[in-house]
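Examining the three-dimensional arrangement
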Amino acid sequence: VFESYSQERADALRNYFAHVSEKDLYLTHALVNPQGDRSKTPGEHSQNIYHTLGLVEKNAQGIIVRGSKMLATGAPLADEVLIGVHNPLKPGVDERYALSFAMPLNTKGIKIIS
């Protein structure tokens, strides 16, 4: 399925799976946006565009994000976190929030609030 979209992305996913398996890493996931006005999508929270985790910048090293996600239940014990999207997003409004990635939990700037 991923290869039909992009061989590069399919290879990245396959390589990440191999990395996690070889290193025997424990993963948690964070998919849920912080609660706000539930009638709005993330991009419609105009008082704070980073109410939900969103893209700040894309550069040669990767991406820079800002904001938060909730319910990473295993985070205090995990090695890495998988970030994804749970709620529907609106085209033309929510592109900065359409993110899926994984990162080590000891990455500079990550805060875990238990």
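See the structure printed just above.
Residues numbered from 1 in each chain as written. Predicted model: local features only at pLDDT ≥ 70, side-chain atom pairs only at ≥ 80, totals over all residues. Heavy atoms only, no water.

1. Observations concerning a nonpolar patch on the surface
Side chains of Val1, Phe2 and Leu13 sit close together on the surface and give an oily, nonpolar patch of about 360 Å² of accessible area. With respect to the helices and strands, Val1 occurs in the segment before helix H1 (2–5). (Patch = residues over 30% accessible without salt bridge, like charges linked within 9 Å, V, L, I, M, F, W, Y side chains within 5 Å. Areas by Shrake-Rupley, 256 points an atom, 1.4 Å probe, with all protein chains shown as cover. Salt bridge = Lys/Arg side-chain N within 4 Å of Asp/Glu carboxyl O. Helix = DSSP H or I, 4+ residues; strand = E, 2+ residues; numbered from the N terminus.)

2. Focus on the pattern of salt bridges
Two side chains that carry opposite charge are able to pair once their charged atoms sit near each other. Scanning the entire structure with this criterion turns up 4 salt bridges. For the salt bridge of Asp11 with Arg14, the shortest nitrogen-to-oxygen distance reads 2.9 Å. Within this pair, Asp11 and its partner Arg14 are both found in helix H2 (residues 7–23), separated by 3 residues, close to a single helical turn. Taking the shortest distance from any N to any O, the salt bridge between Lys40 and Asp37 comes out at 4.0 Å. We classify Lys40 as partly exposed; its relative accessible area is 35%. By sharing partners, the salt bridges in this structure join Glu3, Asp11 and Arg14 into a single network. (Buried < 20%, exposed > 50% of the residue type's maximum accessible area, 1.4 Å probe, protein only.)

3. Focus on the sheet that holds strand E4 (residues 80–83)
Sheets are built from strands paired through backbone hydrogen bonds, the pairs being either parallel or antiparallel. The mixed open sheet is built from 3 strands, whose spatial order is E1-E4-E5. In the strand order of this sheet, the two ends are held by strand E1 (27–30) and strand E5 (101–104), each with one partner. Each adjacent strand pair in this sheet contributes to an overall mean axis angle of 25°, direction not counted. Against the sheet, H2 touches E1, E4 and E5, its axis set at about 155° to E4. (Pairing = 2+ DSSP bridges. Axes fitted to C-alpha atoms, helices over the stretch in contact; angles between N-to-C directions. Contact = heavy atoms within 4.5 Å.)

4. Let's talk about the side chain of Thr41
Assignment of secondary structure puts Thr41 in the loop between E1 and strand E2 (54–59). A relative accessible area of 11% means that Thr41 is categorised as buried. Sequence-distant contacts of Thr41, that is, excluding residues within four places in its chain, are made with Pro88, Lys90, Val93 and Asp94.

This is a description of form; function is not addressed.
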